[in-house]
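Residue-level structural notes
Next come the chains, spelled out residue by residue.
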Amino acid sequence: MRDHEERQVNATMGRYLGTLPTTLLDDDAIRPTEYTRWADAHRRFERREKDARLLAELLESIPRQGLRVPIVLGISDRWGDVYVADGHHRAVALRTLRPPRFPFHWYWIKSAGVRIEDRPFPYYLLDR
């Protein structure tokens, strides 16, 4: 019931809030936008002190509090590819911790710009 209520509240606020299996955060389903592959993001975050510190904080807080800020997914209007648009550190932490699901907002990546959607996520794009 609570999950349904959260979706209703977020929809009225202009944002669709959904959940997806964490296993979809991979190179074949939900890709990183700032890195070629998820392994590149992992390596970068381990090497840079600022990134490593942020990742350590997330690895500590997520098991206690859950993911407090949803990941933002962008979908290519042209190709239908799904990307992490905002939340790469959170996604790497989730990939490490492997909780069953993660919360997200989403938008279409269009030439005219982007807008966080209030409509249901097009889940069929992940079935390809």
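So, here's what we can say about the structure. (Residues numbered from 1 in each chain as written. Predicted model: local features only at pLDDT ≥ 70, side-chain atom pairs only at ≥ 80, totals over all residues. Heavy atoms only, no water.)

1. Observations concerning the overall build of the protein
The cut-off we apply is this: Runs of H or I in DSSP of at least four residues are treated as helices and runs of E of at least two as strands, each being numbered from the N terminus. Accessibility here uses a 1.4 Å probe with only protein chains present; expressed as a share of the type maximum, an area under 20% marks a residue as buried, one over 50% as exposed, and anything in between as partly exposed. Any two residues having at least one pair of non-hydrogen atoms within 4.5 Å are treated as being in contact. Note on areas: Shrake-Rupley, 1.4 Å probe, and residue coverage restricted to the protein chains presented here.
A count of helices and strands for the protein gives 4 helices and 5 strands. For the protein, the sequential pattern of α-helices and β-strands runs α-β-β-α-α-β-β-α-β. Each of the 128 residues in the protein was classed as buried or not, and the buried ones make up 41%. Long-range pairs, those at least 24 residues apart, make up 68% of the contacts in the protein between residues at least 6 apart in sequence. When the accessible surface of the protein is split by element, carbon and sulfur atoms take 49% of a total near 7900 Å².

2. A short note on the pairing of strand β5 (residues 101-109)
Side-chain direction in a regular strand flips from residue to residue, so the side chains alternate between the two faces of the sheet. The condition that has to hold: Here, any two strands with at least 2 DSSP bridges between them count as paired.
When you tally the buried positions in β5, you get 7 out of 9 residues, the bulk of the element. Bridge count for strand β1 (residues 18-21) against β5 is 4 bridges, and the pairing is antiparallel. Of the residues in β5, the one forming a bridge with G18 is F104. Taken together, the 6 bridges between strand β3 (residues 71-76) and β5 define a ladder with parallel strand orientation. Within β5, the residue paired with S76 across the bridge is I109.

3. Quick look at the environment of G74
Within the element layout of this structure, G74 appears in strand β3. We classify G74 as buried; its relative accessible area is 0%. Sequence separation between G74 and V84 is 10 residues; the distance between their C-alpha atoms is 6.2 Å. Setting aside anything within four residues of it in sequence, one finds G74 in contact with D81, V82, Y83, A85, Y107 and I109.

Function-wise, these values are silent; they only describe arrangement.
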